[in-house]
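# Report on the structure
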Amino acid sequence: MRTAGAALTALSFVGAAALAGCGGDGSGDGVSRNASAASSPAASPSPSASASGWNPDPGSVAAVGDSITRGFDACSALADCPEVSWATGNDSVVRSLAVRLLGASRAADRSWNHAVSGARMVQLPEQMALAAKERPELVTVMMGANDACRDSVRLMTPVADFRASFEASMRQLRTGAPKAQVYVSSVPDLKRLWSTGRLDETGKKIWSLGICQSMLADADDLGPAAMARRDAVQDRVVAYNGVLRDVCAKDRYCRYDGGAVFDFRFTGTQLSRWDWFHPSRDGQARLAEIAYRNITAAEPPA
């Protein structure tokens, strides 16, 4: 997901509070760089793999996805903040998945962030190709919100196209990293985003500038047409999550989160004060917790 550029203009009128600077355990992008394959040693088999073949203690992490994984609007308006990324960031408050799995020092050298703000599923194969070059032991995927968050319901990505792109992404990864584990996060509940954020006047004013209009347009309109539009978006997100689940189930090295991100009962605390849309630093930390719990579990989520 990505905030519309006009949101910055809105801030000057509605006085949204700025978040504190995103200081982490290191400076700059830290563990969120795109290293070349030559600088990324091949992952070695881990002795901790379970009988099912799933290794709960991978030695390297590559992340693909959209602006959520880039930490967009978590630190400042209209900017990526990869140091707070739930997947690969180095922020000491968030404690990203990579930090939890590898420790801060190893994460700095053994994790990579190939996510792109604004990306949709059709762009995932390209990201997967970059991730495969790192020879990671684990690849995290969080993609799909932008496919549903469009200017209108009509422009949402068809489910069949979403499926084809995700299948192509998995094939692309397997070409370069045949045994890399894949952790797939469900698409967040956009209708809950609407129901939570609409209680804040600042958030509604920012949304009105063009953020995820398929779901968030006319936030106070509870009429039949508006509710039917939101239900259509919700149904599409549920269908996308069904695709993620089903395609992942066909790959022995893939684990879906069982809908954990979609089901998470987030509050305004977990939303960026810049746009009431992307995760805040606290929201990023909650995503890291969910991922770590599911990846280190002996059995996949139900």
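Treat the numbers as computed from the prediction; the structure is a model and nothing was measured.

## Some remarks on the overall build of the protein chain
Along the backbone of the protein chain there are 13 helices and five strands. By residue count, 55% of the 302 residues in the protein chain fall in the buried class. As displayed, the protein chain offers around 11,900 Å² of accessible surface, 53% of which is attributable to carbon and sulfur atoms.

## Focus: the sheet that holds strand 2 (residues 111-113)
If you walk across this open sheet you meet the five strands as 2-1-3-4-5, and the pairing is parallel. Two strands in the sheet have a free side with no partner beyond their single neighbour: strand 2 and strand 5 (254-256). Going across the sheet, the axis of each strand differs from the next one's by a mean of 15°, ignoring polarity. Pairing geometry for strand 1 (residues 61-65) and strand 3 (residues 138-142), over five bridges, is parallel. Across the sheet, A62 pairs through a bridge with V139, a residue of strand 3. Here helix 7 (residues 159-176) sits on the sheet and contacts strand 3, strand 4 (181-184) and strand 5; the angle it forms with strand 4, its principal contact strand, is near 155°. Relative to the sheet, helix 13 (residues 281-296) contacts strand 3, strand 4 and strand 5, its axis offset from that of strand 4 by approximately 135°.

## Some points on the pattern of salt bridges
Applying the stated rule across the entire model yields ten salt bridges. Residues E201 and K204 are paired through a salt bridge, measuring 3.0 Å at the closest nitrogen-oxygen approach. Within this pair, E201 and its partner K204 are both found in helix 9 (residues 201-207), separated by three residues, close to a single helical turn. One salt bridge connects R286 with D282, and the closest N-O pair in it is separated by 2.4 Å. In this pair, R286 and D282 are both assigned in helix 13, four residues apart and thus about one turn of the helix distant.

## Description of the side chain of S272
Looking at the element boundaries, S272 is found in the loop between helix 12 (260-263) and helix 13. Ignoring sequence-local partners within four residues, the contact set of S272 consists of D73, F277, H278, P279 and S280.

## A look at the nonpolar core
Residues V141, F166, V184 and L216 are the most contacted members of the largest nonpolar core, which totals 49 residues. Considering each element in turn, this core owes the most residues, seven residues, to helix 11 (residues 224-249). When neighbours within four sequence positions are excluded, L216 is seen to be in contact with L193, W194, W207, I211, R229 and F277. Among the nonpolar cores identified, the runner-up in size contains 22 residues, and A87, A98, M142 and I295 belong to it.

## Here's the deal with helix 7
With 18 residues, helix 7 extends 27 Å between its outermost C-alpha atoms, agreeing within 8% with the 26 Å of an ideal straight helix rising 1.5 Å per residue. Restricting attention to buried positions, one finds in helix 7 the residues F162, S165, F166, S169, M170, L173 and R174. As for helix 7, its buried residues are in contact with helix 5 (124-133), strand 3, helix 6 (145-148), strand 4, helix 11 and strand 5.

## Here we look at the packing of aromatic side chains
Taken as a whole and judged by the stated rule, the model has one aromatic pair. A centroid spacing of 4.1 Å and a plane angle of 10° characterise the contact between F162 and Y240, whose relative ring orientation is stacked. With F162 in helix 7 and Y240 in helix 11, this pair connects stretches of sequence that are 78 residues apart. Each member of the pair F162 and Y240 is classed as buried. One Lys or Arg, R192, reaches over the ring of F266 and ends 5.6 Å from the middle of that ring.

About the cut-offs
- Along each chain, the written sequence defines residue order, and numbers are assigned to residues from 1.
- Under the rules for a predicted model, residues below a pLDDT of 70 receive no local features and side-chain atom pairs below 80 are neither given nor counted, while totals for whole chains, interfaces and linings still include all residues.
- Excluded from the side-chain calculation are hydrogens and water; included are all heavy atoms of the structure.
- Helix and strand definitions here come from DSSP, where helices need a minimum of 4 consecutive H or I residues and strands a minimum of 2 consecutive E residues; each element is numbered from the N-terminal end.
- Residue exposure (1.4 Å probe, protein chains only): buried if accessible area is under 20% of the type maximum, exposed if over 50%, otherwise partly exposed.
- For accessible areas, the Shrake-Rupley method is used with a probe of radius 1.4 Å. Any residue's cover is judged against the shown protein chains and nothing else.
- Note: two strands are recorded as paired if DSSP finds a minimum of 2 bridges between them.
- To get an axis, fit a line to the C-alpha atoms, keeping to the stretch in contact for a helix; angles then go from 0 to 180 degrees between the N-to-C directions.
- Contacts: residue pairs with any heavy atoms within 4.5 Å of one another.
- Counted as salt bridges are all cases of a side-chain nitrogen of Lys or Arg within 4 Å of a carboxyl oxygen of Asp or Glu.
- Here, the term nonpolar core denotes a set of buried Ala, Val, Leu, Ile, Met, Phe, Trp, Tyr and Cys residues that are joined through side-chain atoms within 4.5 Å.
- A helix is expected to span 1.5 Å multiplied by its residue count minus one.
- Here the aromatic set is Phe, Tyr and Trp, taking the six-membered ring for Trp, and pairing holds for ring centres within 6.5 Å; pairs whose planes are under 30 degrees apart are stacked, those over 60 apart are edge-to-face, and all others are tilted.
- Any Lys NZ or Arg CZ that is within 6 Å of a ring centre and within 35 degrees of that ring's normal is treated as a charge sitting over the ring.

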